[in-house]
Amino acid sequence: MRYSAFSIVKNALSGNLKWKPQWRQAEPKSHYDVLIVGGGGHGLATAYYLAKEFGVKNVAVLEKGYLGSGNVGRNTTIVRSNYMLPGNEPFYEFSMKLWEGLERELNYNVMLSQRGVIMLYHSDGQRDAYIRRGNAMWMEGVAAELIERDQLKKMIPFLNYDHARYPILGGLLQRRAGTARHDAVAWGYARGADRHGVDIIEHCEVTAIRRENGIVTGVETTKGFIGCGKLALAAAGNTSRVGEMADLKLPIESHVLQAFVTEGLKPCIDHVIVYGGGHFYISQSDKGGLVFGAEIDGYTSYAQRGNLATAEHVMEEGVTMIPGLSRVRVLRSWAGVMDMSMDGSPIIDRTPIDNLYLNCGWCYGGFKATPASGYCFAHLIAKNDTHPVARFLRLDRFARGYAVDEAGAGPQPNLH
Amino acid sequence: MASLITCPHCGVRPKEEFAIRGDASLLRPAPTASDEAWHDYVYVRANPRGRTLEHWQHVGGCRRFLVVERDTFTHEVHSVTDGAAFARENGR
């Protein structure tokens, strides 16, 4: 069923009893041309673009839990393309452009809100770094604006401009960036993929990868053996565990990242604001809750829960930036398991096994990349060739000396 | 994670006094080892879901490097050893 104003009226007249499920509850067939492991945003987007853009219809997505139960439902919903390095920026801008057309593409309201992302700077050195980043963005055709302190005070009056240690001197603004409704992205891609004939198989965990003569022939799952022509891994958070089944050596550590949401407030924060004294980011959801987070906890974990010390640190950063936050009550917090790569950038590439493809290492920036990740991964799987904007995001870049290290932190995942 | 860590030098201390460096199961290759050996040491991680060895530094106390055996799923801490003692015990 195509969604439209007409479909809403029509279904309202029949008491809203005739809405159809958005995707089928598929049972696995014995063989697929392409099997995708991981029913999160990236896996579903990959399936969608494979079927729609690249004509690969015999595709299944395997998800061990329910659809969207992983990081696609556990993030702070920010979408932006304000990166500096030439290995990253074209990719994230490609993603931003796909975001801008996504609702029409999917016939689904993903509630994209281009409210602008502003990254604050607190010192002359940081200002110079942000000017450089803004220039790098312009070089790739992406608009960036440097907002000076006086102008910023009019835009966002409630910040702590005169903090002794981290005075706010201005910010770098990307107006096209913003937020999107994370669950709707997963559901929209699932519905779109399903309509193009993709089987989405929930509660089906991969337990082993079967190989013969050096190539993958299928996977053992909790629903039995499923054969495949090509196997694609998009299991961020558990990449090392799935990769281990195929003896892959991966530059990945799993870390835990927390996020928080407050009680609902009247509209007060109009942008996504990123604090430059630490790494705190905040926006206001359409329900009114303030959604915020900061750095990863700093230790490897698969637990999907974080530590109170980090929670306290996040609150302190928030209150340093916006003193008024101290009066707001936090409703709930959650944590997700991040694939932290050794340079803070993702991997979309082939593997040493010919028909096994890998999509991983999203660190804590995977949500904004969902459309481009899916598109580029589908391109790679269908054509066995890297998409031009993802050409730097290779698995062997560390061995070749081509790390894409945006933070300049070196191979120390808890610092990215 | 456990809120209290038993430092072999300082006794029971709050976890916040410690900084976590990362994987302690890796063995530093010889300077003349192959590029591949060095690549694996610097970039490749086993990333286990379960027991793991980590280097922690007691920055708010004795400042010694320690080896902590910890579970990455339950966050349980099994043992804390002095880094130098651990290296000797394991013939490093």
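Cut-off values and rules
Residues numbered from 1 in each chain as written. Chains lettered and ligands numbered in written order. Predicted model: local features only at pLDDT ≥ 70, side-chain atom pairs only at ≥ 80, totals over all residues. Heavy atoms only, no water. Helix = DSSP H or I, 4+ residues; strand = E, 2+ residues; numbered from the N terminus. Expected span 1.5 Å × (residues − 1). Buried < 20%, exposed > 50% of the residue type's maximum accessible area, 1.4 Å probe, protein only. Contact = heavy atoms within 4.5 Å. Buried area = accessible area lost by both parts, 1.4 Å probe. Salt bridge = Lys/Arg side-chain N within 4 Å of Asp/Glu carboxyl O. Polar contact = N/O pair within 3.5 Å; in protein donor to acceptor, adjacent residues only side chain to side chain. Pairing = 2+ DSSP bridges. Axes fitted to C-alpha atoms, helices over the stretch in contact; angles between N-to-C directions. Lys, Arg positive; Asp, Glu negative; His and termini not counted. Parallel < 35°, antiparallel > 145°, perpendicular 65-115°, else oblique. Left-handed = near helix turned anticlockwise from the far one by under 90°. Nonpolar A, V, L, I, M, F, W, Y, C, P; charged D, E, K, R; others polar. Phe/Tyr/Trp six-rings, centres within 6.5 Å; stacked < 30°, edge-to-face > 60°.

(A) Helix 9 (residues 370-383) of chain A, seen in detail. Residue and element names in this part refer to chain A. A rise of 1.5 Å per residue sets the reference length of helix 9, with its 14 residues, at 20 Å; its end C-alpha atoms lie 20 Å apart and thus fit the reference within 8%. Along helix 9, 12 of the 14 residues are buried, which leaves the element largely enclosed by surrounding structure. Of all the residues in helix 9, the buried ones are Thr-370, Pro-371, Ala-372, Ser-373, Gly-374, Tyr-375, Cys-376, Phe-377, Ala-378, His-379, Leu-380 and Ile-381. At the exit of helix 9 stands Asn-384, carrying a positive phi of roughly 55°.

(B) Structural context of the interface of chain A and chain B. Each partner contributes to the interface: chain A provides 23 residues, whereas chain B provides 23 residues. In terms of surface lost to chain B, no three residues of chain A exceed A:Lys249, A:Tyr299 and A:Tyr302, which account for 25% of the buried area on that side. Linking chain A to chain B there are three salt bridges. Ionic pairing is found between B:Glu36 and A:Lys249, a salt bridge with its closest N-O pair at 3.6 Å. In this structure, the connection of chain A to chain B is made through 15 residue pairs in polar contact (both at pLDDT 80 or more). Going through the elements one at a time, helix 7 (239-244), strand 12 (252-264), strand 15 (289-300) and helix 10 (397-400) of chain A are the ones with two or more residues in the side of chain A that touches chain B.

(C) Representation of the sheet that holds strand 15 of chain A within the structure. Residue and element names in this part refer to chain A. One open sheet holds the eight strands; their spatial order is 5-6-4-13-14-15-12-16, and the pairing between them is mixed. Either end of the sheet is taken by a strand with one partner, and the two such strands are strand 5 (145-148) and strand 16 (330-341). The sheet shows a mean angle of 25° between the axes of neighbouring strands, direction not considered. Sheet topology places strand 4 (residues 117-121) next to strand 13 (residues 272-274); three bridges connect them, and they run parallel.

(D) The sheet that holds strand 4 (residues 51-57) of chain B, seen in detail. All names here are of chain B. Strand order in the open sheet formed by four strands is 3-4-5-6, and the pairing between neighbours is antiparallel. Only two strands of the sheet have a single partner each, and these edge strands are strand 3 (19-23) and strand 6 (77-82). Averaged over all adjacent pairs, the angle separating strand axes in this sheet is 30°, with direction ignored. Bridge count between strand 3 and strand 4: four bridges; the pairing is antiparallel. Bridge pairing in strand 4 places Gly-22 opposite His-55.

(E) Seen up close, the side chain of B:Asp23. All names here are of chain B. Checked against the element boundaries, Asp-23 lands in strand 3. Although Asp-23 is buried, it makes no salt bridge; Arg-45 carries the closest opposite charge, 4.7 Å away. Within polar-contact distance, the side chain of Asp-23 engages the side chain of Ser-25 at 2.6 Å. Look past the residues within four positions of Asp-23 in its chain and what remains in contact with it is Arg-45, Leu-53 and His-55.

(F) Layout of the pattern of salt bridges. Residue and element names in this part refer to chain A. Counted by the stated rule, this structure contains 28 salt bridges over all chains. Put simply, Arg-397 and Asp-343 hold a salt bridge, and the shortest N to O gap is 2.7 Å. Of the two residues, Arg-397 is situated in helix 10 and Asp-343 in the loop between strand 16 and strand 17 (347-350); the sequence distance between them amounts to 54 residues. Take Arg-397 and Asp-343: they sit in the same class, and that class is buried. Asp-349 is the partner of Arg-394 in a salt bridge, and the nearest nitrogen-oxygen pair spans 3.2 Å. With a gap of 45 residues between them, Arg-394 in the loop between helix 9 and helix 10 and Asp-349 in strand 17 connect regions that are remote in the sequence. The buried category is assigned to Asp-349, whose relative accessible area is 5%.

(G) The environment of A:Val34, seen in detail. Residues and elements named next belong to chain A. When you line up the elements, Val-34 lands in strand 1 (residues 31-37). Residues Val-34 and Ala-232 lie 198 residues apart in sequence; the distance between their C-alpha atoms is 7.2 Å. Filtering out sequence-adjacent residues up to four positions away, Val-34 remains in contact with Leu-50, Val-56, Asn-58, Val-59, Ala-60, Lys-230 and Ile-381.

(H) Broad picture of the packing of helix 2 (residues 41-52) of chain A against helix 3 (residues 89-106) of chain A. All names here are of chain A. In contact at an axis separation of 14 Å, helix 2 and helix 3 are set at 70° when each is read in the N-to-C sense. Here helix 2 lies roughly perpendicular to helix 3, going by the angle between them. In this structure, helix 2 crosses over helix 3, and the sense of that crossing is left-handed. Note on element contacts: helix 3 touches helix 2 through Leu-98, Leu-102, Glu-105 and Leu-106, opposite Tyr-48, Tyr-49 and Lys-52. Grouping the constituent residues of the contact of helix 2 with helix 3 by class yields five nonpolar, no polar and two charged.

(I) Spatial organisation of the packing of helix 3 of chain A against helix 9 of chain A. All names here are of chain A. Remark: helix 3 packs on helix 9, axes separated minimally by 7 Å, with the N-to-C direction vectors making an angle of 105°. Overall, the two elements helix 3 and helix 9 adopt an arrangement that is roughly perpendicular. Mapping the contact onto sequence places Phe-91, Phe-94, Ser-95, Leu-98 and Trp-99 in helix 3 and Thr-370, Pro-371, Ala-372, Ser-373, Tyr-375 and Cys-376 in helix 9. Partitioning the contact of helix 3 with helix 9 into residue classes produces eight nonpolar, three polar and no charged.

(J) Quick peek at the environment of B:Thr52. In this structure, B:Thr52 sits in strand 4. Given the relative accessible area of 9%, B:Thr52 is considered buried. In this structure the C-alpha to C-alpha distance between B:Thr52 and B:Asp40, which are 12 residues apart in sequence, comes to 17 Å. When neighbours within four sequence positions are excluded, B:Thr52 is seen to be in contact with A:Thr300, B:Val68, B:Glu69, B:Arg70 and B:Thr72.

(K) How the structure looks around the packing of aromatic side chains. Under the counting rule described, the total for this entry stands at 19 aromatic pairs over all chains. Their ring planes at 85° and their centres at 5.1 Å tell us that A:Phe91 and A:Tyr92 sit as a pair that is edge-to-face. Taken individually, A:Phe91 and A:Tyr92 each receive the classification buried, so the pair is uniform in this respect. Ring centres 5.7 Å apart and planes at 85° place the aromatic pair B:Trp38 and B:Tyr41 in the edge-to-face group. Of this pair, B:Trp38 and B:Tyr41 both sit in helix 1 (residues 35-43), three residues apart, which is roughly one turn of that helix. You can call B:Trp38 partly exposed: its relative accessible area is 23%. In this structure an aromatic cluster arises from ring pairing among A:Tyr48, A:Tyr49, A:Phe54, A:Phe94, A:Tyr189 and A:Tyr375.

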